[in-house]
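# Report on the structure
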Amino acid sequence: MILFLDFDGVLHPEPCLSKDWFERLPLFEHWMRRHAQIDLVISSNWRNVVPWRDIVERFSRDIQERIIGHTPPRADVVESLVPAEILIFEREAEIFDWRRTRGRLSEPWIAVDDYPWWFSHGCANLVVIDPATGITAKDLATLSQRIGVINAAKKT
């Protein structure tokens, strides 16, 4: 399973002061430790403006080892290779391009984001977070449930 992770509105509320950045990270990392089968890909726009090393170092060492990359910036997405029905959905198109270029289109995936309009309507692979709070224990329970559904569908 691949989890595509946004930061703003997910790992901290949006808006928030820089001193509060990543305040929800310990909660998310605790959840990740209970889901060892999940690889992590950064889909946050931070990947376009913050040095990669600085992004990775925000995470605990054991979680850093599970970060396998970041999605490409929208400008680098090969539009002709992205299905037309998702091309207008920025984050979903970036995720598709990442999965395609790494030969991982057949693997189950899920995205955690606070911008549902960056994904196709009703995207079953998206867990939407309330940006006013950032990720909560209830969201993580929903995420676990959704992963179970995705994994079960993959087996059939």
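Structure shown above.
In this report, the structure presented in the accompanying data block is examined. All of these numbers come straight from a predicted model, not from anything done at the bench. In every chain, residue numbers begin from 1 and rise along the written sequence. Totals for whole chains, interfaces and linings use all residues, but because this is a predicted model, local features are given only for residues with pLDDT of at least 70 and pairs of side-chain atoms are given and counted only at 80 or more. Excluding hydrogens and water, the side-chain values take into account all heavy atoms of the structure.

## Some words on the pairing of strand β2 (residues 39-42)
As defined by bridge partners, strand β1 (residues 2-5) adjoins β2 across four bridges and the pair is classed as parallel. Note on β2: the bridge partner recorded for Phe 4 is Val 41. Classification remark: right-handed applies to a crossover when, strands pointing away from the viewer, the course from the first strand over the helix to the second runs clockwise. In this text, helices come from DSSP runs of H or I with a minimum length of four residues, and strands from runs of E with a minimum of two, each type numbered from the N-terminal end. Handedness of the crossover joining β1 and β2 through helix α1 (residues 25-33) is recorded here as right-handed. At least two bridges found by DSSP between two strands is the condition for calling them paired.

## Let's talk about the pattern of salt bridges
Each reported salt bridge corresponds to a side-chain nitrogen of Lys or Arg within 4 Å of a carboxyl oxygen of Asp or Glu. Enumeration over the complete set of coordinates arrives at twelve salt bridges. Between Glu 29 and Arg 33 there is a salt bridge; the shortest N-O distance is 3.8 Å. In this pair, Glu 29 and Arg 33 both sit in helix α1, four residues apart, roughly one turn of the helix. Buried, partly exposed and exposed residues are distinguished by accessible area as a fraction of the type maximum, computed with a 1.4 Å probe on protein chains only: under 20%, between the cut-offs, and over 50%, respectively. Given a relative accessible area of 5%, Glu 29 falls into the buried group. We classify Arg 33 as partly exposed; its relative accessible area is 41%. Between Asp 97 and Arg 100 there is a salt bridge; the shortest N-O distance is 2.8 Å. With a gap of three residues between them, Asp 97 and Arg 100 both fall in helix α5 (residues 90-101), about one helical turn apart. Sharing partners across several salt bridges, the network here consists of Asp 6, Arg 47, Arg 91, Glu 94 and Asp 113.

## Side note on the packing of aromatic side chains
Aromatic rings from Phe, Tyr and Trp, with only the six-membered ring used for Trp, were paired whenever their centres fell within 6.5 Å, and each pair was classed as stacked if the ring planes differed by under 30 degrees, edge-to-face if by over 60, and tilted otherwise. What the rule picks out here adds up to ten aromatic pairs. Pairing Phe 28 with Trp 31 gives two aromatic rings, centres 6.1 Å apart and planes at 25°, and the pair type is stacked. Of this pair, Phe 28 and Trp 31 are both found in helix α1, three residues apart, which corresponds to roughly one turn of the helix. Look at Trp 31 and you get buried, because its relative accessible area is 1%. An aromatic cluster is built from Phe 7, Trp 21, Phe 22, Trp 46 and Phe 59, whose rings are joined through pairwise contacts.

## Concerning α1
Along α1, the residues classified as buried are Leu 25, Phe 28, Glu 29, Trp 31 and Met 32. Angularly, the buried residues of α1 cover 160° about the axis, an arc narrow enough to put them on a single face. Note on contacts: a residue pair qualifies if any of its non-hydrogen atoms lie within 4.5 Å across the two residues. Looking at the buried positions of α1, the neighbouring elements they touch are β1, β2, α3 (61-64) and α6 (137-155). The arc in question is the one spanned by the directions pointing from the helix axis to the C-beta atoms.

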